[in-house]
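# Coordinate inspection notes
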Amino acid sequence: MSFKRFWTAEEVPRWFGLSVVLIYLISLGAVGYLGVHDARLRAAQQYRAQTAYAVELLASRLAAASREASDALAVPGEAEAATGSGDARRTPGITEPGARYQRALREFAAQIGTLELRVLDGRRRVLAATDTLEIGSTLPNEATGPWPPTALQVTETALPGHPESLGLYRIPVVRATRTPAVTTAVKSGGKAEERPAAAPTAPLEAGADAEASGVYLEAIVPLEPTHGLSLADYSGGLALGLVACGALFAVYRALRGQLRGVVRIAGRLQQRSLGIEEDLRALCITDAKDAATRAWNQLVELTASLQTEVERTRANGELSRVLERTAGQGMNEALNALPDGIIYLNNEGAIQYLNTPAGRLLGCDTDKVKGITLVELETAGEPEGGSARAGLLRQRLVAMIRQNLPAEGVADAVNQLLEVSELNSSYRVSIVPLTDARHEGECVVLVRDVSQQLRADRAREEFVAQVTHELRTPLTNIRAYAETLSSGMFDDPKVVTECYNVITKETRRLSRLIEDILSVSQMEVGTIELVEDKVDLKALLTDGVRDVRGLADEKNIDLQLVLPAKLEAVQGDRDKLAVVVNNLLGNALKYTPAGGSVVVGCQLNHNELVLTFKDTGIGIAPADQERVFEKFQRGNDPAVLAEAGTGIGLYTAREIVRRHGGDISLMSKPGEGSTFIVRLPHERSRASSLSSVAGA
Amino acid sequence: MAVILIAEDELHIVRVLSLWLHRHGHRIVEARNGVEALQRLDEEPVELVISDVNMPGMDGLALVKAIREDRGLKVPVLMLSARCDQMQLSKQIRSYGIQLFPKPFVPSQIVEEIDRLLQAAAAS
């Protein structure tokens, strides 16, 4: 088993725990043994002390009996009464004290639990004994201790049939007249009278020497209690051991349980890192019991649900939901505020998101079409409550998007121009494939309304074409007539004069055209400036009419100038006002067919000067009446388009009049003619003229 | 020595071309637009047509289409134009075997070109 397996395999903690329990039990056994040994020693000590006490107590009773015996010798009646029991008397050879001793022995033998108990004199003659056969006999001193004892003497002894260790207790009851230490001295003529005061003096029988005068008690008692130690003596230790063992085991179980959970989690993680498990939920531990495993399971569940959520979001590609969650409503509103339509399609061509402008373009509710495929949308027919216009636009748009959906693996955006001529509108459609691997096959479609921009571009292109044409026409004349003159082939004075006239006139036409173009560019950048002076309107109008008289005659148009008798000079820019007159006259003549008439009028009306240019021309449709004043714009009438024109004449005229504080209006009916009305404020001109006069 | 139809709305150009072509002995028939030009063609035989492109009513392109396709006439045509899209115009009229002459032009070149066209027509 490798070290790694030691920590990861599940059985190792069990082995570990068992070894801990084993060590504990050994320790417990050692402690228990020592405890029992100690208890045994203490019980033995106590037992010996009890035994010694009992022996001493018996000795004192025996001493008392000895005194009673000596008193009875002095008073015979009393002695007779004291030896009431007949035991000693019935026993032959027993002296009077012996009977008293025998009675005391009988009373105490049972209490002490002795094996043998006897009372001896100094010569070891048995005075009384539990074994009555011994009475009267003299016993040898078999014990190791000296005889006679002077105090309580305990020596070890043995009895046949008793394997246990036995103690031989000897104690003096009545001391001899001499102490044992001086026994030999007594034997060698010591004084018998000299007795220690503590011990009573034994009654001396006739013929008895000092050695025999003592009375001694001898008892053989087991050294240790015969019943041994009971279970109760061990119960405390055992109970404590059991409790401790149980507690340890519980701790071990708990720890092992926790550790097992951690080990199992580690195992699962290892599986995952090896790539064995793909489904996260398979990492759950089925029989979760401990907190760690349960927490792990919860974590796995949470992660798995998050993973599922993420995968579902990925799979559906629900950008809008993600947007709503991550950026909130703000992002949606920002997208809706864009002028461009945004459509987000998944790889099946189903709409995942579209902003409000896109909804407007497709004529559908942004919420209802989510998830609908382009094919479904195309075949859905007219939009609900929508116009035929919206239906047409939807059809064209969807068809274009479907045709240009990115092929697999194509990362380039497609840009197409969708022109819906029926609606007079154009759209720039960009289809941008998402290159991210997670959004394979999905794309974002941007739709921008470029109608206005395209119209402006076309007007500009048309303007350039018209200007080119307009510039080339006088240039052609100038060049052709110049060559006519220089060729020397035409010397007729009339022809020569004609050539000069044409060249002069066409040069003026050219310069006016260039002026117009310059004015437009100046007006565009706002740098146009009026060079103010007194302008004689009568002269201005007369000159203007004279300039176009030739053209009117050519076209057989009746050109009239109607002026009031008196016309004041006004303040203004003469050249620019001349441009206004020329442009309006030129316009009237250009669009008035042969045989028609153009009438130029002027009158003072309240505080303003009103110039009118009335023609019997083709007229202007109401839809075009405002547009004709716009830069580079001309009427849509084919009759207008057939005429050369740059679309700057009326624009320039109005801008100049507005700079003078006035305006140009238009009254027209198609086929009946038009009247352009120029209003110039008279007050302003008067005030200006006064100030200029005052200044001069 | 030839009858030449000039279809042009710009009178100064008609006038200067007339001067030059008269001097070279041609007779001029004038028309202000395509419709008038077709009328003149119907009225009398014309040996060469000079036409502008931009004209009110029927323009030069419609005119040559009518001459070649409707009338089936092989009369040589010389087209003039001040328009800026001359490449495109050239392509449109090349199928009719017509050359475009850009404005501004020099009258002497026009006269030379007309002589060349008339000789080629005579040769065929």
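Scroll up a little and you will see the structure.
Okay, so let's go over this structure. Predicted model only: the values in this text are computed from it and were never measured.

Here we take up the interface of chain B and chain A. Taken together, the contact pairs 24 residues of chain B with 25 residues of chain A. The junction of chain B with chain A conceals about 2300 Å² of combined surface from both sides, 61% of it contributed by carbon and sulfur atoms. When the buried surface of chain B facing chain A is broken down by residue, H12, W20 and P104 of chain B rank first, second and third, together holding 26% of it. Linking R509 of chain A and E10 of chain B is a salt bridge whose minimum nitrogen-to-oxygen distance equals 3.3 Å. Counting across the chain B and chain A interface gives 10 residue pairs in polar contact (both at pLDDT 80 or more). When residues of the side of chain B that touches chain A are traced back to their parent elements, those giving at least two are α1 (11-23) and α5 (107-123) of chain B. The greatest single-element share of the side of chain B that touches chain A, amounting to 8 residues, is contributed by α1 of chain B. A per-class count over the side of chain B that touches chain A returns 13 nonpolar, 6 polar and 5 charged.

This part is about the packing of helix α14 (residues 451-487) of chain A against α1 of chain B. Contact geometry of α14 of chain A with α1 of chain B gives a least axis separation of 10 Å together with a crossing angle of 25 degrees. When the interaxial angle is binned, α14 of chain A and α1 of chain B end up roughly parallel. At the point where α14 of chain A passes α1 of chain B, the crossing takes the left-handed sense. On the side of α14 of chain A, the interface is formed by T476, N477, A480, Y481, E483, T484 and S487 of chain A, while α1 of chain B contributes H12, I13, R15, V16, L19 and W20 of chain B. Within the contact of α14 of chain A with α1 of chain B, the residues separate by chemical class into 6 nonpolar, 5 polar and 2 charged.

Residue and element names in this part refer to chain A. Ordered by their spatial adjacency, 5 strands build an open sheet running β2-β1-β5-β4-β3, and the pairing between neighbours is antiparallel. Of all the strands in the sheet, the pair left with one neighbour each is β2 (126-129) and β3 (153-159). Averaged over all adjacent pairs, the angle separating strand axes in this sheet is 25 degrees, with direction ignored. As defined by bridge partners, strand β1 (residues 116-121) adjoins β2 across 3 bridges and the pair is classed as antiparallel. Residue pairing in the sheet places L120 in a bridge with V126 of β2.

This part takes up the side chain of K576 of chain A. Residue and element names in this part refer to chain A. For K576, the position within the fold is in helix α17 (residues 574-590). The class of K576 is buried, set by a relative accessible area of 16%. Apart from the residues lying within four places of it in its own chain, the contact partners of K576 are I528, E529, L530 and I656.

Another aspect to go through is the packing of helix α2 (residues 34-43) of chain B against helix α3 (residues 60-70) of chain B. Residues and elements named next belong to chain B. Axis separation between α2 and α3 bottoms out at 9 Å; the angle between their running directions is 30 degrees. Here α2 is positioned roughly parallel relative to α3, judged by the angle of their axes. Of the two possible hands of crossing, α2 and α3 adopt the one that is right-handed. Contacts between α2 and α3 involve G34, A37, L38 and L41 on the former and, on the latter, L63, A66 and I67. Of the residues that constitute the contact of α2 with α3, the class distribution is 6 nonpolar, 1 polar and no charged.

Applying the stated criterion across every chain, the model contains 2 aromatic pairs over all chains. Here the aromatic rings of F490 of chain A and W20 of chain B are separated by 5.3 Å at their centres, their planes lie at 65 degrees, and the arrangement is edge-to-face. Highlighted residues: F490 of chain A in the loop between α14 and α15 (493-525) and W20 of chain B in helix α1, drawn from two different chains. Geometrically, the ring pair formed by F629 of chain A and F676 of chain A is edge-to-face, given 6.0 Å between the ring centres and 80 degrees between the ring planes. Of this pair, F629 of chain A sits in the loop between β15 (608-615) and α18 (638-642) while F676 of chain A sits in strand β17 (residues 673-681); the two residues are 47 residues apart in sequence, bridging distant segments of the chain. Across this residue pair, the class does not change: F629 of chain A and F676 of chain A are buried.

Let's shift gears to the sheet that holds strand β14 (residues 597-605) of chain A. Residues and elements named next belong to chain A. Here we have 5 strands laid out as an open sheet, ordered β12-β14-β15-β17-β16, and mixed in their pairing. The strands lining the two open edges of the sheet, one partner per strand, are β12 (558-562) and β16 (663-669). In this sheet, neighbouring strand axes are inclined to one another by 15 degrees on average, regardless of whether the strands run parallel or antiparallel. Relative to β17, β16 is paired through 7 bridges, and the arrangement is antiparallel.

Definitions and limits used
- Residues numbered from 1 in each chain as written.
- Chains lettered and ligands numbered in written order.
- Predicted model: local features only at pLDDT ≥ 70, side-chain atom pairs only at ≥ 80, totals over all residues.
- Heavy atoms only, no water.
- Contact = heavy atoms within 4.5 Å.
- Buried area = accessible area lost by both parts, 1.4 Å probe.
- Salt bridge = Lys/Arg side-chain N within 4 Å of Asp/Glu carboxyl O.
- Polar contact = N/O pair within 3.5 Å; in protein donor to acceptor, adjacent residues only side chain to side chain.
- Helix = DSSP H or I, 4+ residues; strand = E, 2+ residues; numbered from the N terminus.
- Nonpolar A, V, L, I, M, F, W, Y, C, P; charged D, E, K, R; others polar.
- Axes fitted to C-alpha atoms, helices over the stretch in contact; angles between N-to-C directions.
- Parallel < 35°, antiparallel > 145°, perpendicular 65-115°, else oblique.
- Left-handed = near helix turned anticlockwise from the far one by under 90°.
- Pairing = 2+ DSSP bridges.
- Buried < 20%, exposed > 50% of the residue type's maximum accessible area, 1.4 Å probe, protein only.
- Phe/Tyr/Trp six-rings, centres within 6.5 Å; stacked < 30°, edge-to-face > 60°.

Shape descriptors only; they carry no functional weight alone.
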